[in-house]
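So the chains spell out like this:
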Amino acid sequence: MKVIAFYNVKGGIGKTAATVNLAYLAAYEGARTLVWDLDPQGAASFYFRIKPKVKKGGKGLLTGKKALDDVIKGTDYKRLDLIPSDFSYRNLDLELDDFKKSDTRLRKLLKPLAEDYDFIFLDCPPSISLVSENTLIAADTVIVPTIPTTLSLRTLDQILDFCNKMNIDHSKIVAFFSMVDSRKKLHKQIIENPPQNVRMLKTCIPYASDVEQMGIYRQPVTVFARNSRAGNAYQKLWHEIKRFV
Amino acid sequence: MESIHTAQFLFRQKTDIDSVFELLSREYSLHETGCTHLIRHYLDSFDWRLYRNGYLCGWDERINTNSLNGNGVFFVHEKKTGDCICELPMDRVPRFSKEIVYQACRKLLDEMLDVRALMAVATLRIQSRESLVLNEDNKTLAILQVENYTVQGQTEEKQLSGRLLVCSIRGYKKVFKHVLRIITERIQLSRASNGLIDEVFAVSGQNVAPNRFSVIRKFTDTQNTWETVQILLRHLLSVMQANEPGMRAAIDTEFLHDYRVALRRARSVLGQIKHILPNKSLAYFKRELLWLGAVTTPTRDLDIYLLKFDDYRRQLPMELQHDLEPFRRFLERHWKIEHARMCRALDSRRYQNLIGKWQKIFASEDIHPKHVLSRDTPPTETCNATKPARQVASQRIWKLYKRVLDEGRAITAQSHDEALHELRKTCKKLRYLIEFFHDYFSDEQINKRVRTLRRLQENLGDFQDLCVQLEQLNGFAEQMQQEGIAETKTIMAMGVLVEKLNERKALVRAEFGQRFKAFSQPEEKSAFASAFSPRNLLKGTLA
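1. Notes on the nonpolar core
Note that soluble globular proteins tend to have their nonpolar side chains buried in a common cluster.
Here is step 1 of the chain: Formed by 97 residues in total, the largest nonpolar core has its most connected members in B:Phe327 and B:Phe437.
Here is step 2 of the chain: The element that contributes the greatest number of residues to this core is helix H15 (residues 443-482) of chain B, accounting for 13 residues.
Here is step 3 of the chain: In contact with B:Phe437, not counting residues within four places along its chain, are B:Phe219, B:Thr228, B:Leu232, B:Ile273 and B:Ala393.
Here is step 4 of the chain: The next biggest cluster of nonpolar side chains, apart from the first, holds 87 residues, and it includes A:Leu22, A:Ala27, B:Val20 and B:Tyr55.

2. A word on the domain arrangement of chain B
Here is step 1 of the chain: Considered domain by domain, chain B is made up of domain 1 (6-204), domain 2 (213-380) and domain 3 (388-543).
Here is step 2 of the chain: For domain 1 of chain B versus domain 3 of chain B, the distance between C-alpha centres works out to 48 Å.

3. Notes on the packing of helix H7 (residues 253-272) of chain B against helix H14 (residues 417-436) of chain B
All names here are of chain B.
Here is step 1 of the chain: One way to put it is that H7 packs onto H14 with a least axis distance of 10 Å and a crossing angle of 90°. Put simply, H7 runs roughly perpendicular to H14. Contacts from Val261, Arg264, Arg265, Ser268, Val269 and Gln272 in H7 reach Lys428, Lys429, Tyr432, Leu433, Glu435 and Phe436 in H14.
Here is step 2 of the chain: Taken together, the residues that form the contact of H7 with H14 break down as five nonpolar, two polar and five charged.

4. Digging into the interface of chain B and chain A
Here is step 1 of the chain: With 17 residues of chain B at the interface, the matching set in chain A holds 28 residues.
Here is step 2 of the chain: Between chain B and chain A, roughly 1,800 Å² of surface is buried when both sides are summed, and carbon and sulfur atoms account for 42% of that area.
Here is step 3 of the chain: Linking chain B with chain A are seven salt bridges, by the criterion used here.
Here is step 4 of the chain: Measuring nitrogen to oxygen at the nearest pair gives 3.8 Å for the salt bridge that ties B:Glu87 to A:Arg79.
Here is step 5 of the chain: At the surface where chain B touches chain A, the tally comes to 11 residue pairs in polar contact (both at pLDDT 80 or more).

5. Some thoughts on the sheet that holds strand E1 (residues 2-6) of chain A
All names here are of chain A.
Here is step 1 of the chain: Across the sheet, eight strands lie side by side as E3-E4-E2-E5-E1-E6-E7-E8; this open sheet has mixed pairing. In the strand order of this sheet, the two ends are held by strand E3 (73-74) and strand E8 (199-200), each with one partner.
Here is step 2 of the chain: Where strand E6 (residues 141-146) meets strand E7 (residues 173-177), five bridges bridge the pair, whose relative direction is parallel. The residue of E7 that forms the bridge with Val144 is Ala175.
Here is step 3 of the chain: Those strands touched by helix H1 (residues 15-28) are E1, strand E2 (33-37), strand E4 (80-83), strand E5 (119-123), E6 and E7, and its axis lies near 165° from that of E5.

Scoring rules and cut-offs
- Residues numbered from 1 in each chain as written.
- Chains lettered and ligands numbered in written order.
- Predicted model: local features only at pLDDT ≥ 70, side-chain atom pairs only at ≥ 80, totals over all residues.
- Heavy atoms only, no water.
- Core = buried A, V, L, I, M, F, W, Y, C linked by side-chain atoms within 4.5 Å.
- Buried < 20%, exposed > 50% of the residue type's maximum accessible area, 1.4 Å probe, protein only.
- Helix = DSSP H or I, 4+ residues; strand = E, 2+ residues; numbered from the N terminus.
- Contact = heavy atoms within 4.5 Å.
- Domains from an automatic or database assignment.
- Axes fitted to C-alpha atoms, helices over the stretch in contact; angles between N-to-C directions.
- Parallel < 35°, antiparallel > 145°, perpendicular 65-115°, else oblique.
- Nonpolar A, V, L, I, M, F, W, Y, C, P; charged D, E, K, R; others polar.
- Buried area = accessible area lost by both parts, 1.4 Å probe.
- Salt bridge = Lys/Arg side-chain N within 4 Å of Asp/Glu carboxyl O.
- Polar contact = N/O pair within 3.5 Å; in protein donor to acceptor, adjacent residues only side chain to side chain.
- Pairing = 2+ DSSP bridges.

So, in structure tokens, the structure goes:
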């Protein structure tokens, strides 16, 4: 089982879209896949048409495997399951803090699922918190969608610094450019000269209306517009990620 | 055992299904996704490894769809419950477990199949209509599949009873139970008690074959040696014939392996159960079976190299691993040549004559020893034919056991490799005999003795394999140079491999002493004596 976290401190940069599309592609190819929508906004749950509600809330989930097992929902796609979001996740930091070894709680919770899933995708909330620390520790690979702008690159540095401080293995951080607008000069320049302090993937996800349409169709782009620019980009991205996870 | 994920109901008429849909549509929104035509190829190894382990495996080929998932789906189901273990989109039938991309599924199949290939064991045409049970967000809560089946029977196509499959979606158990309640209580459809595969096998006349080497007929105390030899050789010929098509078609390497094991066993029967055939016939069969062994050996040797190739690669330092590739190509090329040569031998008149004579003498139930023997055959040549099989077998097993002990004791650190090879052959003969005549001895006695013997054989087998590989590797290197396809780097890599194999050979050789000691310890000796010694046998008979 491989745990892949999609994380960034910033919001609205395509984390959830990447999680949903790449998880769908993994399942589509035959891998038993689970998405955990950790963001209280519940966008991933919305895309999968699953109510953002879990029995006993976030606190209940942290108690053990049985609780996790109970809330897993099958999506409309074969081999793809979801742990839905819940509004109570906004307090997950406080609830994690109540546990001993609070930074490794998530890893401990996911461990028993190794028999059931080939991949677990974590859709993380945009923050630097105990939840982020937990996901960074639990994940085998942390994928950071990054808009090719100066501020976004600064955020990427902050994430790397955070990992250093927390003694989290730097090599598991991987970034890709998201919401790329090829008409913008700055975007082009940054893509041509990507940061050297982190592993950057070659595939870029374009800024495309198809991605926004996911909210209307409530489906991954790769379902309703597989051969669109965005659909192709996600397939290429998954192909690239698969090679090292 | 019923599945908690899928329920299957039998239906006879379309009206049953219409009623189900009518009732369900009063409570749920139903969405029909369309009709699919499939050809399902059930897959298993030649020796039914998946079925025996409680799994079903197959490949569904979609005929009328533009599905995004390509044209085929490979699946593994649990046989008892029908629950899905894995389902992967695949454009073609995978032959070997290593072709499965996802680890958990590959591992499961690998453990069962090892080097065996998957083959189609039955084919079924399915017409499937799928409907989704949806909630207000159009989220799927359960799936209904109405399936009609057509099987190609032995003479004609046959329709099986249609099935309604209700599949649950994880996390929506209540809906699943509610749908089942409607179907069972209000429409009163009956649950399918048989697995679909069993119905398919019944119609297509497919039988799950028994274990490849076990003789189904039991030997009795009244049987004479000739009769048991006849049964054994008849069975071994049937094993060879069953494996012949697969070995000619090179479906997997086990066909040839099993063919050769049966052949070796046949040679052992003829060589070890003495004085049952006139010398002339015996000499003919011994000569021809030796020839058959010889014509199949080069292909088997090359099979082994190719099977071990990845291991060989891994034994080399990283920087040399790639240099070994020309050797793989050399092996593959020569395998094709040797395989073609072997097939020609199997097509030859000589081979057909051998099989014909074998069938005539051993495969006919009616033949009594008197008919086999000509009038001028001296009685001494066939003096064991009419003796009780149990007596002859025990005497021979005991004699071979003593020979194993003598040959083993004579081996010292200075002994030539050939001495270990001779001991290995004697051990093999001993084990075959014990296995052939296991009906005459208690299971407990046999199993324990065979286990200790097998441990010794493993050591001797590994040693012999390494000796042969080392000798042949040097020969191959020379041959590659003569053929002008050996780069210096490849020869160097092969040299390093020879060194590694030599190291392994020394280790295996050093282990021999301990293994033989375990085999020849006093408790083992007395256990062997109580099981096989003619003196004890006589005591048993008198008692």
